[in-house]
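What follows is each chain in one-letter form.
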Amino acid sequence: MKEEVNVMEEAAISHTKKKINVMAYVFILPALILFLVFVCWPLLQTVYLSFNSWDGLGEIEFTGLTNYKEFFTDPLVLQAAKNNVLWMLCSCTIPIAIGLIQASLLVNSNIKHGKIFQLILFLPQVFSSVVAAVIWAWIYNPAMGPLNKMLENIGLGNLAQSWLGDSKFVMISLLVMSIWMGYGFSTVVYSAAIQGISSELYEAATMDGCGPFRKFFYITIPSVRLTTTTLLLFALIDSFKVFDIVYQMTKGGPGYSSYVLSYYLYNEAFVKNRIGYSATIAVIMTVFILLVSKGFLRYRKGGEEM
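Residues numbered from 1 in each chain as written. Predicted model: local features only at pLDDT ≥ 70, side-chain atom pairs only at ≥ 80, totals over all residues. Heavy atoms only, no water.

Per an unreviewed UniProt entry, the protein chain goes by Lactose transport system permease protein LacF and derives from Robinsoniella peoriensis. Recorded in UniProt for the protein chain, the comment headed Sequence similarities (unreviewed entry) runs: "Belongs to the binding-protein-dependent transport system permease family." Its UniProt record gives the protein chain a comment under Subcellular location (unreviewed entry), which states: "Cell membrane". (UniProt positions renumbered as here; feature names shortened; annotations may be inferred.)

Written out as structure tokens, the structure is:
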């Protein structure tokens, strides 16, 4: 009798689980349909177009690996890739380092009204890229911009430049703007992470005679390691997606000195109408970002297991 009851209970539990699974799929279905229609289908179309030549209006002509061969021999791709690598190196180091230092000072130094300072530092992140581009285009204006005016007023007028019009300085100018927009986000994220560090660690370090610098290097930095890897991943992905700043401020100029891969993709697709070649650039960028993201996630998982 007991065995029959147990079998009936197991059957009831199994039936209930099946109902829950069905309901879960019902709730997931709308998002899954949107994902398939607006992500998977365009992705498959992009891969298909990368093996073809198409101007966006005429017939699609199959060209095989021609676009991929051109990509790996195109000098403009090399120029754009160099700028992307430079952008990656800067965005993965300077804004994150500034954010960590500022967050440590705000949280561990018991500064009054620390939340207000966090808000002020986060403000550049709130601005849209269009607003930021207008502000910095005015700052860099060679005739009326405050940067050159300030240099002249302090006796360094010989350092005044056409910041966005000189191939030697254009990338530095864009990177300064990018750092200004990015360090606030790192500061807020690190502030939350540092607040989660046990105060007992800092108290024990103080009793052992450790100063602020040793606490920072031996407690704060190791404790926010996972936060750092997350910020690095975001920064790396953003460095290869950067488009709006270049488009709004320089259009890749002067010449090709501020070209990046995403702007090169846009130019080939919507200016030169080379849809197939631009799809090739998109596919290669996607594969690269996926591989790097996978590597970072594996590294992060290894850090969690340590």
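(A) Here's a closer look at the packing of aromatic side chains. Counted by the stated rule, this structure contains 19 aromatic pairs. Ring centres 4.9 Å apart and planes at 50° place the aromatic pair F240 and F288 in the tilted group. Pair noted here: F240 is in helix α11 (residues 225-241) and F288 is in helix α14 (residues 275-305), with a separation of 48 residues, a long-range link. On the accessibility criterion, F240 (7% relative accessible area) is buried. (Phe/Tyr/Trp six-rings, centres within 6.5 Å; stacked < 30°, edge-to-face > 60°. Helix = DSSP H or I, 4+ residues; strand = E, 2+ residues; numbered from the N terminus. Buried < 20%, exposed > 50% of the residue type's maximum accessible area, 1.4 Å probe, protein only.)

(B) Structural view of the environment of P142. Inspection of the secondary structure puts P142 in the loop between α6 (129-140) and α7 (146-153). Taking relative accessible area as the criterion, P142 reaches 48% and is therefore assigned partly exposed. Between the alpha carbons of P142 and V287 there is a distance of 40 Å; along the sequence they are 145 residues apart.

(C) A look at the packing of helix α3 (residues 75-91) against helix α8 (residues 170-195). At a minimum axis separation of 11 Å, α3 and α8 run at an interaxial angle of 35°. Along this stretch, α3 crosses α8, giving a crossing that reads as right-handed. Residues N83, L86, W87 and C90 of α3 lie in contact with α8, whose contacting residues are M171, L174, L175 and S178. Taken together, the residues that form the contact of α3 with α8 break down as six nonpolar, two polar and no charged. (Axes fitted to C-alpha atoms, helices over the stretch in contact; angles between N-to-C directions. Left-handed = near helix turned anticlockwise from the far one by under 90°. Contact = heavy atoms within 4.5 Å. Nonpolar A, V, L, I, M, F, W, Y, C, P; charged D, E, K, R; others polar.)

(D) Broad picture of a nonpolar patch on the surface. Together, Y25, I28, L29, L32, I33, L34, F35, L36, V37, F38 and V39 line one region of the surface with nonpolar side chains, adding up to about 1,100 Å² of accessible area. Mapping L32 onto the fold places it in helix α1 (residues 2-49). (Patch = residues over 30% accessible without salt bridge, like charges linked within 9 Å, V, L, I, M, F, W, Y side chains within 5 Å. Areas by Shrake-Rupley, 256 points an atom, 1.4 Å probe, with all protein chains shown as cover. Salt bridge = Lys/Arg side-chain N within 4 Å of Asp/Glu carboxyl O.)

(E) Main features of the nonpolar core. Membership of the largest hydrophobic core comes to 57 residues, with the highest contact counts inside it found for W87, L174, M177, I194 and M249. Among the elements that take part in this core, α8 stands out by supplying eight residues, more than any other. Beyond its immediate stretch of four places on either side in the chain, W87 contacts M171, L174, L175, S178, S239, V242, I245 and V246. (Core = buried A, V, L, I, M, F, W, Y, C linked by side-chain atoms within 4.5 Å.)

(F) Quick peek at the pattern of salt bridges. For the structure shown, the criterion picks out three salt bridges. E268 serves as the salt-bridge partner of K272, at 3.4 Å between the closest nitrogen and oxygen. Judged by relative accessible area, K272 falls into the partly exposed class, the value being 45%. The exposure class of E268 is buried, given its relative accessible area of 1%. Connected through salt bridges with shared partners, the residues E70, E268, K272 and R274 form a single ionic network.

(G) Representation of the UniProt feature "transmembrane region" (unreviewed entry) in the protein chain in the model. Taken from the UniProt record, the annotation "transmembrane region" (unreviewed entry) applies to residues 22-44, 85-107, 119-140, 169-195, 216-237 and 275-297. Across residues 22-44 one finds 100% helix and 0% strand; the C-alpha atoms that close the span lie 29 Å apart. In residues 119-140, the share of helix is 91% and the share of strand is 0%. The end C-alpha atoms are 26 Å apart.

(H) Broad picture of the side chain of N67. Relative to the assigned elements, N67 resides in helix α2 (residues 66-71). In this structure N67 comes out as buried when scored by relative accessible area, which is 6%. Polar contacts involving the side chain of N67 include one to the main-chain carbonyl oxygen of N52, which spans 2.9 Å. Once residues lying within four places of it in the same chain are set aside, the contact partners of N67 are L49, S50, F51, N52, G276, Y277 and T280. (Polar contact = N/O pair within 3.5 Å; in protein donor to acceptor, adjacent residues only side chain to side chain.)

(I) Inspection of the environment of F270 at higher detail. Mapped onto the elements, F270 comes out in helix α13 (residues 261-271). Judged by its relative accessible area of 59%, F270 is exposed. With 214 residues separating them along the chain, F270 and G56 place their C-alpha atoms 9.1 Å apart.

(J) Structural view of unusual backbone geometry. Put simply, G253 and P254 share a cis peptide bond, and its omega is -5°. With respect to the helices and strands, P254 occurs in the loop between α12 (244-249) and α13. Unlike most non-glycine residues, K251 shows phi in positive territory, near 55°. Even without a glycine there, the phi angle at N273 is positive, about 60°. Note on placement: N273 falls in the loop between α13 and α14. For N273, a relative accessible area of 39% translates into the label partly exposed.

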